[in-house]
Amino acid sequence: MRKTKVIKAVFYTVFIFFILYVILVYFLVSACLVPSFMDRLNAFEDITRKCYAEQVQTTDIKDNRSKLLADTSAWLETVNRNKISVQTTDGYTLIAAEFAAESDSSKWVLLLHGYTGWKEEMYQFAYWYNEQGYHVLVPDLRCQGESEGDFIGMGWTDHYDCELWIGYILSNTPDAQIVLHGQSMGAAAALIMTGAEKPSDHIVAVVSDSAYTDAYSMFGDKITEWFGLPAFPFVDSACLMLRARGGYNLRDASALRAVEKSTVPTLFIHGAEDKMIDVEMSHSLYEAASCEKGLLIVEGAGHGQTQEKNPEVYYGTIEDFLAEYVR
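Residues numbered from 1 in each chain as written. Predicted model: local features only at pLDDT ≥ 70, side-chain atom pairs only at ≥ 80, totals over all residues. Heavy atoms only, no water.

*Asks:* Please clarify how the side chain of His303 should be interpreted in this entry.
*Replies:* Residue position: His303 is located in the loop between β8 (293–298) and α12 (306–309). Here the side chain of His303 touches Ser184 through a polar contact of 3.1 Å, side chain to side chain. A distance of 2.7 Å separates a polar atom in the side chain of His303 from a polar atom in the side chain of Asp274. Apart from the residues lying within four places of it in its own chain, the contact partners of His303 are Gln55, Ser184, Ser210, Asp274, Met276 and Ile277. (Helix = DSSP H or I, 4+ residues; strand = E, 2+ residues; numbered from the N terminus. Polar contact = N/O pair within 3.5 Å; in protein donor to acceptor, adjacent residues only side chain to side chain. Contact = heavy atoms within 4.5 Å.)

*Asks:* How should the pairing of strand β3 (residues 107–112) be read in this particular structure?
*Replies:* Side chains on a regular strand alternate between the two faces of the sheet. Among the six residues of β3, six are classified as buried, and the element is accordingly described as predominantly covered. Side chains Lys107, Val109 and Leu111 project from β3 onto one buried face, and the interleaved Trp108, Leu110 and Leu112 project onto a second face that is buried too. Pairing of β3 with strand β4 (residues 135–139), which is carried by three bridges, proceeds in the parallel orientation. Bridging from a neighbouring strand, Trp108 pairs with His135 of β4. Handedness of the crossover joining β3 and β4 through helix α5 (residues 123–131): right-handed. (Buried < 20%, exposed > 50% of the residue type's maximum accessible area, 1.4 Å probe, protein only. Pairing = 2+ DSSP bridges. Right-handed = clockwise from strand over helix to strand, strands pointing away.)

*Asks:* What is the right way to read the packing of helix α4 (residues 59–76) against α5 from this model?
*Replies:* A pair of packed helices is characterised by two quantities: the angle between their axes and the separation of those axes. In contact at an axis separation of 9 Å, α4 and α5 are set at 65° when each is read in the N-to-C sense. Helix-helix and strand crossings are classified by hand; for α4 and α5 the assignment is left-handed. Between α4, through Arg65, Leu68, Asp71, Thr72, Trp75 and Leu76, and α5, the contact on the second element is made entirely by Tyr123, Gln124, Ala126, Tyr127, Asn130 and Glu131. Tallied by class, residues from the contact of α4 with α5 come to six nonpolar, three polar and three charged. (Axes fitted to C-alpha atoms, helices over the stretch in contact; angles between N-to-C directions. Left-handed = near helix turned anticlockwise from the far one by under 90°. Nonpolar A, V, L, I, M, F, W, Y, C, P; charged D, E, K, R; others polar.)

The values reported here are purely geometric and, on their own, carry no functional implication.
See the structure below:
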């Protein structure tokens, strides 16, 4: 009798622990990948504060950023901008801004923002590309900005969604030469696109700014940094939860595996002082890439600050790299 009671007590204890663990994993996935849930937790504000605290705050970066934003604002007052949308296969509406080149051109750039970002963050890059004669398409990635969605895609669902934007570009310019330029998570999405089974022949080059090697590693790092929890076993549990709830696996979102198969010329850029995504990740991506490639490491720049630390070197390097592949 006593043995039966002990077995029941152990069973109920294990069961309660299991339920609490599942609830915790559910919370972690939602707190990191569901913007509506993040809003209720004020997570966006917390992430923004953490990001700002980890950035390099030197006078030259602040001055260059102010000038870049002022120039971009002046450009936005004169350029024609259209809001366009596409529908995903799972029923979500995605929104993008389109900036047409002033003259006929087959050159297009698809600009992809980072984690918890929005398209307006990429307008400074849109300004530069438009000045170089490119048509520019700047989407809000799934579940961010004005785009609908269930979970932030960490580059994986985004690389499928971006095929819809490629289709839009080709419907307007059948002979388009398309450059993918992404920052952080957007860079990972661009790289994953190049490693797809049949990447579009119209993608002629990639600019990967501050990319991570894989979402699995990033999720583990952030669980530890933000919540003080060990990566194991929580990341693997989150993968199972996300596969059931969001339909994808964090392990699939690997830019590193993608570049090993890529044949698309790629320029890797990273700030040497990046505290969010270690610069070694871009070194690893560069070393693993099987395509024609280039590497720019900007000293004194934090995450996504390379264009602000040294805009002349940043844009000059991109211009020289793309000149080899875009005509």
